Number of protein chains: 2
Amino acid sequence: MTGRLNPNISVDCVVFGFDRDCLRVLLVEREIVFHGDTEKTVRDYKLPGSLVYNEELLKDAARRVLHDLTGIGGICLERYDVLDSLERMDNRVDRQWLEQTTGLSIERVVSVAFFGLVNLNDPLVSKVKDGARWMNLDETKQLPFDHSAIIERALAVLQQRLRVDATAFGLLPEKFTIAGLQQVFEVIGGEKLDSRNFRKKLKNFHFIVPLREKQRNVAHKPARLYSFDHKRFLQSRKSISFF
Amino acid sequence: MTGRLNPNISVDCVVFGFDRDCLRVLLVEREIVFHGDTEKTVRDYKLPGSLVYNEELLKDAARRVLHDLTGIGGICLERYDVLDSLERMDNRVDRQWLEQTTGLSIERVVSVAFFGLVNLNDPLVSKVKDGARWMNLDETKQLPFDHSAIIERALAVLQQRLRVDATAFGLLPEKFTIAGLQQVFEVIGGEKLDSRNFRKKLKNFHFIVPLREKQRNVAHKPARLYSFDHKRFLQSRKSISFF
């Protein structure tokens, strides 16, 4: 091993915010100062992330970094990937920023990625620190490092979950409409769904329970309300298990 | 960051070997020399693993380490965990061994864990290098570092997969008996299954297709043979998807 460096290790957090009709991602501003003939400052946005301390667990590092940089705490972060590409960073800008913020000359960083999902209608998460920003997913295509790719992979994991687990119901009130449920699938899934097919499919899912209640105080014809039965949901998933 | 060390990063490989009626794990011998009043050598077994080089991907590091230490190559390794406990290593023995093999004084190692599954009836994998050994799962309860825990977690992931994906069929010949399938579930699942309930459950799985053939050259009453229809299997999994 002697003479062959071992990579550094960092955490990056992809926090998705569900905002009724769009999906956002929490980013933080970074500032890089270039000292040349004339001093030049570049500002852009990146995912909240930083190097891991020697004495902390990865999930604690993720929570610390997210809280320090954005002010957000107490949300569920799940480890979903390890980013180890050899071309993760831009040689000029990213390396300069790392040196500026860590005081170290860093050759390579392997990053452990965490993701979370929050409802932006919850006032506890919608308000963030100065320098942090909820950015529309469409605006995250050209971020520094491999952060655009990290977000894409986190989104793919989230979408896969949404297809088969109870993620969608966590974003809905206890009593919801089928149109509301469909909207969650459309916003996170990133595509319009055919309402008739969607309703037909849901009919087979006995864990979506029709209530005797309808919406109130709505301008249009009030729609039926439904609730989610988690116990029945788990049973339905068990039916495809071999033992 | 200055002054606060960043952890080292390694890979560890848990390769399970399915051996008809038991499950084995591939381990390698390590030797630690203690220089005191009298020189003392300690030998034990651990998972194949090592520090990652700065210029290689994690999966390449896992393949390199597995091949170098055991002689086994060309098997599918999947990343399934990152081990970051602060008490992963024994201060005396493990640290001494790390220093001896790397020439570095190492404070902490975060390890990325990979797992694989092979059929030990395949002659390409049953034969390993000197120093490597296929050990019965029961004999891996007191390994160095957190390797016993790494194996337990890998086994839990494997067992979870086995419940819902096509892992079991990869260990069977193209034409198999229900008893043979049950044995795979029992060996990896780690518990006896009730044959009647098992057969009853399988009746709902149209991807397990009865053939017009029976076993030949067996001492007992020949049993019916079955095949696995992967396309139907995927369709059955899709039925629980929301969209």
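What counts and what doesn't
- Residues numbered from 1 in each chain as written.
- Chains lettered and ligands numbered in written order.
- Predicted model: local features only at pLDDT ≥ 70, side-chain atom pairs only at ≥ 80, totals over all residues.
- Heavy atoms only, no water.
- Least-squares fit on C-alpha atoms with pLDDT ≥ 70 in both.
- Helix = DSSP H or I, 4+ residues; strand = E, 2+ residues; numbered from the N terminus.
- Buried < 20%, exposed > 50% of the residue type's maximum accessible area, 1.4 Å probe, protein only.
- Contact = heavy atoms within 4.5 Å.
- Buried area = accessible area lost by both parts, 1.4 Å probe.
- Salt bridge = Lys/Arg side-chain N within 4 Å of Asp/Glu carboxyl O.
- Polar contact = N/O pair within 3.5 Å; in protein donor to acceptor, adjacent residues only side chain to side chain.
- Nonpolar A, V, L, I, M, F, W, Y, C, P; charged D, E, K, R; others polar.
- Axes fitted to C-alpha atoms, helices over the stretch in contact; angles between N-to-C directions.
- Parallel < 35°, antiparallel > 145°, perpendicular 65-115°, else oblique.
- Left-handed = near helix turned anticlockwise from the far one by under 90°.

A. Expanded view of the relation of the copies chain A and chain B. Placing chain A over chain B gives an RMSD of 0.0 Å and needs a rotation angle of 180 degrees, together with 0.0 Å of translation along the axis. Here the copies are linked by what is in effect a two-fold axis.

B. Looking closely at the environment of B:G73. One can find B:G73 in the loop between α1 (58-70) and β5 (78-83). Owing to a relative accessible area of 42%, B:G73 belongs among the partly exposed residues under this scheme.

C. Quick look at the interface of chain A and chain B. Between chain A and chain B, the residue contacts involve 54 residues of the former and 53 residues of the latter. When the two sides are added together, the surface that chain A and chain B hide from each other amounts to roughly 4,800 Å², 61% of it contributed by carbon and sulfur. In this assembly, chain A and chain B are joined by two salt bridges. Here A:R79 makes a salt bridge to B:D81, at a shortest N to O gap of 2.6 Å. Counting the contacts that link chain A with chain B gives 25 residue pairs in polar contact (both at pLDDT 80 or more). Secondary-structure elements contributing two or more residues to the side of chain A that touches chain B are β1 (8-19), α1 (58-70), β5 (78-83), α4 (147-164), α6 (178-189), α7 (195-202) and α8 (230-238) of chain A. Of the residues belonging to the side of chain A that touches chain B, the class tally is 27 nonpolar, twelve polar and 15 charged.

D. Layout of the packing of helix α4 (residues 147-164) of chain B against helix α6 (residues 178-189) of chain B. All names here are of chain B. Running from N to C, α4 and α6 point in directions that differ by 155 degrees, and their axes come no closer than 10 Å. Looking at the two axes, α4 sits roughly antiparallel to α6. The interaxial crossing formed by α4 with α6 has left-handed handedness. Residues L155, L158, Q159 and L162 of α4 form the contact with α6, whose own contacting residues are V184, F185, I188 and G189. Taken together, the residues that form the contact of α4 with α6 break down as six nonpolar, two polar and no charged.

These figures come from the coordinates and say nothing about function on their own.
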